[in-house]
Amino acid sequence: MNDLVGDTSAQGYLASRGLGPSALVTYRLGVVRRPLAGHEQYAGRLAIPYLTPAGVVNIRFRCLQPHECDGHPKYLSADGAGTNLFNVLDLKKDSPFICVAEGEIDTMSLSLAGLPAVGVPGVDAWQKHFSRCLEDFEVIYAFGDGDKAGSKFSSFLARETRARPIRMPPGDDCNSIYMKEGANGLHRLIGE
Ligand SMILES: [Zn+2]
């Protein structure tokens with residue numbers, strides 16, 4: 001599936017989100033160009049693997065078309081896949097704090113900015129045992145988007161994990177701040 005190196009439309013999309021060539025390698029992003037039988041619904045989608053020390057445990061597939069997805073989901077999960085925390089490799093980083101973001105691209109944006117981060121697609125994807133993965137950190141920051149669902153996400157995490165909700169400007173998310181202000185914009189949100 002990893003035809004991304006020669007795929008200029010997907011590269012253009014990723015560059016527009018601040019994900020350059022090194023991010024493609026780090027996160028092993030791909031595009032599904034020749035889906036296996038039964039996987040046709042993933043064709044043309046960005047493949048975001050869930051990397052762990054034991055290998056890839058899940059993959060989510062994001063629509064790359066420049067439309068408001070109507071009639072199909074923006075994200076698809078692999079058939080039969082469970083719910084996993086995204087970017088657990090960051091749990092091994094030497095840091096007193098960990099960030100939790102809403103969505104994979106926001107998680108990558110934080111991590112690329114030098115803020116160790118894990119992510120879930122939304123509150124509904126949260127599993128009780130995820131809290132244990134965060135226990136050893138002195139501080140947990142919850143980065144919901146700057147909208148109603150985002151503040152629900154942050155206050156949910158505050159209850160589940162003692163996370164500190166980060167105030168996000170209205171209409172922004174980690175990726176939009178990373179694009180507009182670079183790493184500094186995200187560091188400023190947690191007062192680092
Ligand atoms: Zn779509």
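Residues numbered from 1 in each chain as written. Predicted model: local features only at pLDDT ≥ 70, side-chain atom pairs only at ≥ 80, totals over all residues. Heavy atoms only, no water.

K.L.:
Would you mind showing me how to read the domain arrangement of the chain here?
P.N.:
Interfaces are often sized by the accessible area lost when the parts come together. Structurally, the chain comprises domain 1 (4–77) and domain 2 (88–189). On a C-alpha basis, the centres of domain 1 and domain 2 stand 21 Å from each other. Residue-level contacts link 17 residues of domain 1 with 11 residues of domain 2. When domain 1 packs against domain 2, the two sides together hide about 1300 Å² of surface, and 66% of this comes from carbon and sulfur. Considering only the surface of domain 1 that becomes buried against domain 2, Arg-17, Leu-19 and Tyr-27 emerge as the three largest contributors, covering 38% of it. At the boundary of domain 1 with domain 2, the tally comes to one salt bridge. Glu-104 is the partner of Arg-60 in a salt bridge, and the nearest nitrogen-oxygen pair spans 2.7 Å. The tally of links from domain 1 across to domain 2 stands at four residue pairs in polar contact (both at pLDDT 80 or more). (Domains from an automatic or database assignment. Contact = heavy atoms within 4.5 Å. Buried area = accessible area lost by both parts, 1.4 Å probe. Salt bridge = Lys/Arg side-chain N within 4 Å of Asp/Glu carboxyl O. Polar contact = N/O pair within 3.5 Å; in protein donor to acceptor, adjacent residues only side chain to side chain.)

K.L.:
Please clarify how the coordination of the zinc ion should be interpreted in this entry.
P.N.:
As a benchmark, a tetrahedral metal site with four donors has ideal angles of 109.5 degrees, while an octahedral site with six donors has ideal angles of 90 or 180 degrees. For the zinc ion, the full set of protein donor atoms is Cys-63 (SG), His-67 (NE2), Cys-69 (SG) and His-72 (NE2), and the range of their distances to it is 2.1 to 2.3 Å. Bound by four donor atoms, the zinc ion shows angles of 104 to 114 degrees at the metal and therefore tetrahedral coordination geometry. We note that the donor set of the zinc ion lies within a single chain, spaced as C-x3-H-x1-C-x2-H. By relative accessible area, which is 37% here, His-67 ends up partly exposed. Looking at Cys-69, the relative accessible area reads 24%, which means it is partly exposed. (Donors = N, O, S within 2.8 Å, 3.2 Å for Na, K, Ca; no water. Tetrahedral: all angles 85-135°; square planar, octahedral: opposite > 155°, others 65-115°. Buried < 20%, exposed > 50% of the residue type's maximum accessible area, 1.4 Å probe, protein only.)

K.L.:
Quick question: what am I supposed to make of the pattern of salt bridges here?
P.N.:
Side chains that differ in sign of charge can pair as their charged atoms come close. Applying the stated criterion across every chain yields a total of five salt bridges. Between Lys-128 and Glu-160 there is a salt bridge, with the nearest N and O atoms lying 3.3 Å from each other. Note that Lys-128 is positioned in the loop between β6 (117–120) and α4 (130–134) and Glu-160 in helix α5 (residues 148–161), a separation of 32 residues in sequence. On the basis of relative accessibility, which here comes to 25%, the residue Glu-160 falls in the partly exposed class. A salt bridge links Arg-188 to Glu-181, with the nearest nitrogen and oxygen atoms 2.2 Å apart. Residue classification places Arg-188 among the exposed positions, given a relative accessible area of 56%. (Helix = DSSP H or I, 4+ residues; strand = E, 2+ residues; numbered from the N terminus.)

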